[in-house]
Amino acid sequence: MAFSSISHFAPLTILCFLTFSSHHIPIEAINVTNLLSSNPDLSEFTNLLTSTAVAADLTQRSSVTLLVVPNTYLRSSDLTHHPYNPSSANLADVLSYHVLLEYLSWYDLRRVPPNGKLVATLFQTTGRATNNFGSVNITRNPTTNAITIFSPTTNATLLSLIKSIPYNITIFSVNSLLVPYGFDLMASETRPPLGLNITKALIDGHNFNVAASMLTASGVVEKFEADEGGAGITMFVPTDDAFSDLPATVGFPSLSADNKTVVLKFHVLHSYYPLGSLQSIVNPVQPTLATEDNGAGSYTLNISRVNGSLAIDTGIVQASVTQTVIDQNPVAIFGISRVLLPSEIFGKNPITVDAPSDNGVMGNAQPPENSPSSPPGFHEDKRSEAARNGVWQAILVLWCIGLYVLVSLSH
């Protein structure tokens, strides 16, 4: 009898263990460069992904399908020399149009109805999709089973499966570049660059003298201005008051020159985002120029709307956008109320200011819930999530106990 009870209890124990252990399954960060490195015929498309913010953005995502164009098709396209030139301001948007926000396997594609399946792309999340045309239509020919991806202006046929990591990412090759609706790549190639003098723009904007001096002294401003002609840039620039409010304990002035440069790059996104796009951004975690230098998943910013304004959170500091300095494609510069301090340099503990600042946070007092430094419902959401997890685990425990009792009574 004892042996019989153990023999019936063991499967239940294993089942309960598997149920609990599968409750939190970590999802690996997507490193596109590594996934495509073994395919030399995809090298040009891979380089384009890496040269923009798209490759870094993928590290923050899961359940996506990437459509890549082999070198031979990339070179022979009718759009040769226009979308592929890294100086094109639309390059990042075109590449993000090849990232489908859904994991699709061969099995899924073979089940696509003949009339098609509409799938949103990463380009849709930027807010720059004309009339919300940030999706593609995937169709299947019922006779040949050929899969075609349609945009309003172009289409591409699926060639082969490159890589699949269920249910994280699938990579397929296609025979043509997909171009979003409303893009005139020929015009964007001949459009003269903005040629903005960032330092002068900050000085003219008033109350950005400290940031302007730091940019000039570090020499990094030259890189920022060089990126104007690419995918564009978005800069979050602390006001002079924000620098004055930094607590002495932070030790910002004593940072090495290299670390100061990293902090400056931490304030810049490698894409042009007007204010409206930032306010409607779907993926709040955004890589920065510092991410590109230090590795995927590091030096990211969390961007969200808080009490009607735009908030940028580093994990230890939260700033709000106070003004628009410049917003002219491909450059956007916004004034912010706090210096964005990365946790990779300044530790994991929240940092509060020593004096009143633009966001009204005083001294070393923690911001109240639902204040501009604490997103509405943030603490409630955390408590609710913990409560839900506790209830779920309690149900699982009761379920396992109930099964054990039933099996014991039946024997």
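Thresholds, definitions, all that
- Residues numbered from 1 in each chain as written.
- Predicted model: local features only at pLDDT ≥ 70, side-chain atom pairs only at ≥ 80, totals over all residues.
- Heavy atoms only, no water.
- Core = buried A, V, L, I, M, F, W, Y, C linked by side-chain atoms within 4.5 Å.
- Buried < 20%, exposed > 50% of the residue type's maximum accessible area, 1.4 Å probe, protein only.
- Contact = heavy atoms within 4.5 Å.
- 1 Å grid on protein atoms, 1.4 Å probe; cavity = no way out; pocket = protein on both sides within 12 Å on 5 of 7 lines; lining within 4 Å.
- Points joined across faces, edges and corners; volume = space filled by probe spheres on them.
- Helix = DSSP H or I, 4+ residues; strand = E, 2+ residues; numbered from the N terminus.
- Nonpolar A, V, L, I, M, F, W, Y, C, P; charged D, E, K, R; others polar.
- Salt bridge = Lys/Arg side-chain N within 4 Å of Asp/Glu carboxyl O.
- pLDDT = per-residue confidence, 0-100.

(A) Layout of the nonpolar core. Counting residues in each nonpolar core, the largest one holds 43 residues, and the members touching the most others are Leu49, Leu66, Leu67, Leu109, Ile138, Ile149 and Leu158. Those residues within four positions of Ile149 in sequence are excluded, and the remaining contacts are Leu67, Val136, Asn137, Ile138, Thr154, Asn155, Ala156, Leu158, Val174 and Leu178. In terms of nonpolar packing, the next biggest core, distinct from the first, is built from 34 residues, Ala211, Ala212, Met214 and Val339 among them.

(B) Summary view of the layout of surface pockets. One number sums up the size of the second largest pocket: a volume of about 230 Å³. Around the second largest pocket, the lining is made up of 14 residues, and of these Thr33, Thr50, Ala55, Ala56 and Ala296 lie nearest the centre. Counting residues per element, the ones that place at least two in the lining of the second largest pocket are helix 2 (32–36), helix 4 (54–58) and helix 15 (289–294). Tallied by class, residues from the lining of the second largest pocket come to 6 nonpolar, 7 polar and 1 charged.

(C) Quick peek at the pattern of salt bridges. Counting across every chain of the model gives 4 salt bridges. A salt bridge links Asp204 to Lys200; the shortest N-O distance between them is 2.8 Å. Note that Asp204 and Lys200 are positioned in helix 9 (residues 198–204) at a spacing of 4 residues, about one turn of the helix. Given a relative accessible area of 44%, Asp204 falls into the partly exposed group. For the salt bridge of Asp293 with Lys265, the shortest nitrogen-to-oxygen distance reads 2.7 Å. Of the two residues, Asp293 sits in helix 15 while Lys265 sits in helix 13 (residues 257–265), which places them 28 residues apart along the sequence. Lys265 sits in the buried class, given a relative accessible area of 14%.

(D) Molecular detail of empty space enclosed by the protein. In the structure shown here, the tally under the stated rule is 4 cavities of 30 Å³ or more. If you trace the second largest cavity, you find 14 residues lining it, with Ala211, Phe236, Pro238, Leu264 and His267 closest to the centre. Elements supplying a minimum of two residues to the lining of the second largest cavity: helix 10 (209–218), strand 8 (233–238) and helix 13.

(E) Spotlight on the confidence of the model for the protein. For the protein, per-residue confidence averages 76 on the pLDDT scale, and residues scoring 70 or more make up 69% of the total. In the predicted structure, residues 186–193 sits below a pLDDT of 50 and forms 11 contacts with residues beyond four places in sequence or in another chain. Segment residues 355–386 is flagged for pLDDT under 50; beyond a separation of four residues in sequence, or across chains, it makes 53 contacts in the model.

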